[in-house]
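# Notes for the structure review
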Amino acid sequence: MISLHRGCFLNKTGISGSSSSPFSCKLKKLPPASVKVTALGPNRDRNSSVLIENNNSLKEIREDAPSPVADVDSNPTVAGGDRDVYYDDAAAAEDQLVTPWSISVASGYSLLRDPHHNKGLAFTEKERDAHYLRGLLPPTIISQELQVKKMMRSIRQYQVPLQKYMAMMDLQETNERLFYKLLIDNVEELLPVVYTPTVGEACQKYGSIFRRPQGLFISLKEKGKIHEVLRNWPQKNIQVIVVTDGERILGLGDLGCQGMGIPIGKLSLYTALGGVRPSACLPVTIDVGTNNEQLLNDEFYIGLRQRRSTGQEYAELMHEFMTAVKQNYGEKVLIQFEDFANHNAFDLLAKYGTTHLVFNDDIQGTASVVLAGLVAALKVVGGTLADHRFLFLGAGEAGTGIAELIALEISKQTNMPLEEARKKISLVDSKGLIVKSRIDSLQHFKKPWAHDHEPIQKLVDAVKGIKPTVLIGTSGVGRTFTKEVVEAMAALNDKPIIFSLSNPTSQSECTAEEAYTWSQGRAIFASGSPFDPVEYKGRVFAPGQANNAYIFPGFGLGLIMSGAIRVHDDMLLAASEALAAQVTQENFDKGLIYPPFKNIRKISAHIAANVAAKAYELGLATRQPQPKDLVKYAESCMYCPAYRSYR
């Protein structure tokens, strides 16, 4: 469908118009039959125009034209050859080519099929008259609020989380504003549906539940043509791209092309929680194959059926993608790397961090939200970060990213050299405690954490030897914080801080109930995936969720509204401080170290303001002058999903 108010026209080279036109394909032939193109505006006024070429002459329909109808000669073709059937595929033979295009005003049946403008039964009487909707809708008119109530009742009837996920995705593809209104108004209930933990199962079964394409799938087949592929996306003013290659989806491993559920889910949260316009968001999956044998043998798998490409071929494809993004969308487009394997995640961040506006949520977003939780927890246990010792189970991108940000904050608070601050943090990987005697065999991102200590294999022995006050799990391996480990932490600390961060819920190092029970109700606990409140000896504990969704939507909004051109570590610290400041005494009294998600838009506005302020301070902001009240400015920039009124 082409909106005629954009001044689109047909010519020998295809369908074109302003530079924002999403169509660049070439038409080789003209239709074999007379074509009538009606250009009526939404109120039946002729306020639109169409240009149609016929034998090198243009016929134009304008608002002052005597007739809104133009006839195209039935005989001409362009560049010769067999004729194609364009307008009536029923008249074409089965082996005859048919071009699937049409020209219409966004009215009537097409309007009801347009997710960006569809309002369902909320169209008013005047809108139904103006946009040819009479008879296409039942006579009743209901408000958006009643639609939300009806949809929530429908979703709650599903017992299986994946069914709820699919219902939400169907709504997003049919009525975009209602989808975001529903999500914003019921964020605490629906966040686990559209994102972790349900999105993990959705990615595992993506091939089976795939209905309509969302986002861009860029595979090795598109190598050398990525610039053109990006131009196929209908929206041109892109501000945020979330991209994955599907190699390390949550704690589920290599899901290949089916990892697309992650960029889609993340960008839904950018809009719902951070207020970034849906039209400014672009989900992308880079498909270089998969090493998952189960997927390669699955008849419903939607990606390339080959082993994963690595080395130079992979690097060239990613570089072409990064270059094409900058060429298409400019210097200030935010590229968020998501769920890349460790070796690629660190390399990509290091390579493009100085040339592009890039952010890795697994490394930097996780670190920022965990640091915020630790800063808030200090108000309960006392002391400063420098007074505590930290032990990590897991030394991948999340674990090392969190450790580095903690060390940076300690160094900032105490003027301690960064190398000294790192000594307060120890990491355990699959081979045991990371120590200097292992330095030669360690990956480069683990080497800063190799301290002078005797080798230790078991986590419980590391707890007893290191004597940490904070235990953080980022291993991706479920139930590794055993009863023995939690009891050892409780024996060492009056209020042990235990963060079990791995996603989805099945991969969490321990459950909330286990943490509270094994510590006799003394643990300060947070997890990556949500857990229900726990009752222990008459007291109800509300476990915190160290969900990246606290950070990345507001962080991204702050970068966008300041026009930042690079991400700096101080911006991550600013985001952490803003989040920690939103935790109230009432939250602490309930055992929470993170604020409730019901206030997430307010929280995101404060995070965005802090991040933007830091961007201006560092000289990385391009949007001038700086607004006087950054919080109010952030709130004013946020997308509102309320229905618009149509002329």
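Residues numbered from 1 in each chain as written. Predicted model: local features only at pLDDT ≥ 70, side-chain atom pairs only at ≥ 80, totals over all residues. Heavy atoms only, no water.

## A short note on the overall build of the chain
- Along its length, the chain carries 24 helices and 18 strands.
- The buried share of the chain, reckoned over its 647 residues, is 57%.
- For the chain, the share of sequence-separated contacts (at least 6 apart) that also reach a separation of at least 24 residues comes to 70%.
- Counting only carbon and sulfur atoms, one obtains 50% of the accessible surface of the chain, whose full area is about 28,200 Å². (Helix = DSSP H or I, 4+ residues; strand = E, 2+ residues; numbered from the N terminus. Buried < 20%, exposed > 50% of the residue type's maximum accessible area, 1.4 Å probe, protein only. Contact = heavy atoms within 4.5 Å. Areas by Shrake-Rupley, 256 points an atom, 1.4 Å probe, with all protein chains shown as cover.)

## Remarks on the pairing of strand β14 (residues 497-500)
- Residues Ile 497 and Phe 499 point to one face of β14 and Ile 498 and Ser 500 to the other, with burial holding for every one of them.
- When strand β13 (residues 470-473) meets β14, the two strands line up parallel, connected through four bridges. Along β14, the bridge assignment pairs Val 470 with Ile 497.
- Assessed by its sense of winding, the connection that carries the chain from β13 through helix α18 (residues 483-492) to β14 is right-handed.
- Relative to strand β15 (residues 524-527), β14 is paired through four bridges, and the arrangement is parallel. (Pairing = 2+ DSSP bridges. Right-handed = clockwise from strand over helix to strand, strands pointing away.)

## Section: the sheet that holds strand β18 (residues 544-545)
- The strand order across the open sheet built from seven strands is β12-β11-β10-β13-β14-β15-β18, with neighbouring strands paired in mixed fashion. Both outer strands of the open sheet, β12 (432-433) and β18, are each paired with one neighbouring strand and no more.

## Section: unusual backbone geometry
- Omega for the bond connecting Asn 503 with Pro 504 falls within 30 degrees of zero, at -10°, which places this linkage in the cis form.
- Take Pro 504: it is sitting in the loop between β14 and α19 (512-518).
- For Asn 415, which is not a glycine, the phi torsion comes out positive at approximately 60°.
- In this fold, Asn 415 is placed in the loop between α15 (397-414) and α16 (418-422).
- Look at Asn 415 and you get exposed, because its relative accessible area is 71%.

## Some remarks on the side chain of Lys 181
- Tracing the backbone through its elements, the reader meets Lys 181 in helix α5 (residues 176-185).
- Setting aside chain neighbours within four positions, we find Lys 181 in contact with Gln 144, Glu 145, Val 148 and Pro 641.

## Topic: the confidence of the model for the chain
- With 84% of its residues at a pLDDT of 70 or more, the chain shows a mean pLDDT of 87.
- Throughout residues 1-91 the model reports pLDDT below 50, and contacts reaching past four residues in sequence, or to other chains, amount to 178 contacts. (pLDDT = per-residue confidence, 0-100.)

## Details of the sheet that holds strand β7 (residues 281-287)
- Spatial strand order, β5-β7-β6-β8-β9: five strands in an open sheet with parallel pairing. Two strands bound the open sheet, and with one partner strand each, they are β5 (216-219) and β9 (357-360). Geometrically, the sheet is characterised by an average inter-axis angle of 25° between neighbouring strands, direction not taken into account.
- As paired elements, strand β6 (residues 240-244) and β7 share five bridges and run parallel to each other. By the bridge assignment for β7, Ile 241 is matched with Leu 282.
- On top of the sheet, helix α10 (residues 261-274) reaches β6, β7 and β8 (334-337); it is set at about 165° to β7, its chief contact. (Axes fitted to C-alpha atoms, helices over the stretch in contact; angles between N-to-C directions.)

## Quick notes on the packing of helix α6 (residues 187-194) against α10
- Contact geometry of α6 with α10 gives a least axis separation of 10 Å together with a crossing angle of 160°. Considering the angle they form, α6 stands roughly antiparallel to α10. For the crossing formed where α6 meets α10, the hand is right-handed. From α6, Val 187, Leu 191 and Val 194 reach across to α10, where they touch Gly 265, Leu 269 and Leu 273.
- Taken together, the residues of the contact of α6 with α10 sort by class into five nonpolar, one polar and no charged. (Parallel < 35°, antiparallel > 145°, perpendicular 65-115°, else oblique. Left-handed = near helix turned anticlockwise from the far one by under 90°. Nonpolar A, V, L, I, M, F, W, Y, C, P; charged D, E, K, R; others polar.)

## Some details on the pairing of β8
- Alternating positions in β8 separate into two faces, Leu 334 and Gln 336 on one and Ile 335 and Phe 337 on the other, with burial throughout.
- As paired elements, β6 and β8 share four bridges and run parallel to each other. Bridging across to β8, Val 242 finds its partner in Gln 336.
- Sheet topology places β8 next to β9; four bridges connect them, and they run parallel. Directly across from Gln 336, in β9, lies its bridge partner Phe 359.
- In this fold, the crossover linking β8 to β9 by way of helix α13 (residues 342-352) has right-handed handedness.

## Considerations on the side chain of Arg 438
- Relative to the elements of secondary structure, Arg 438 occurs in the loop between β12 and α17 (459-466).
- Here Gly 432 takes part through its backbone oxygen, which lies 3.2 Å from a polar atom of the side chain of Arg 438.
- In this structure, Arg 438 is in contact with Asp 429, Lys 431, Gly 432 and Leu 433, ignoring residues within four places of it in sequence. (Polar contact = N/O pair within 3.5 Å; in protein donor to acceptor, adjacent residues only side chain to side chain.)

## A closer look at the nonpolar core
- Grouped together as the largest cluster of nonpolar side chains are 126 residues, with contacts concentrated most on Leu 374, Ile 406, Phe 499 and Phe 555.
- Looking at this core, the element that brings in the most residues is helix α23 (residues 600-617), giving 10 residues.
- Residues within four places of Leu 374 in sequence aside, it is in contact with Leu 385, Phe 390, Ile 406, Val 470, Ile 472, Ile 497 and Phe 499. (Core = buried A, V, L, I, M, F, W, Y, C linked by side-chain atoms within 4.5 Å.)

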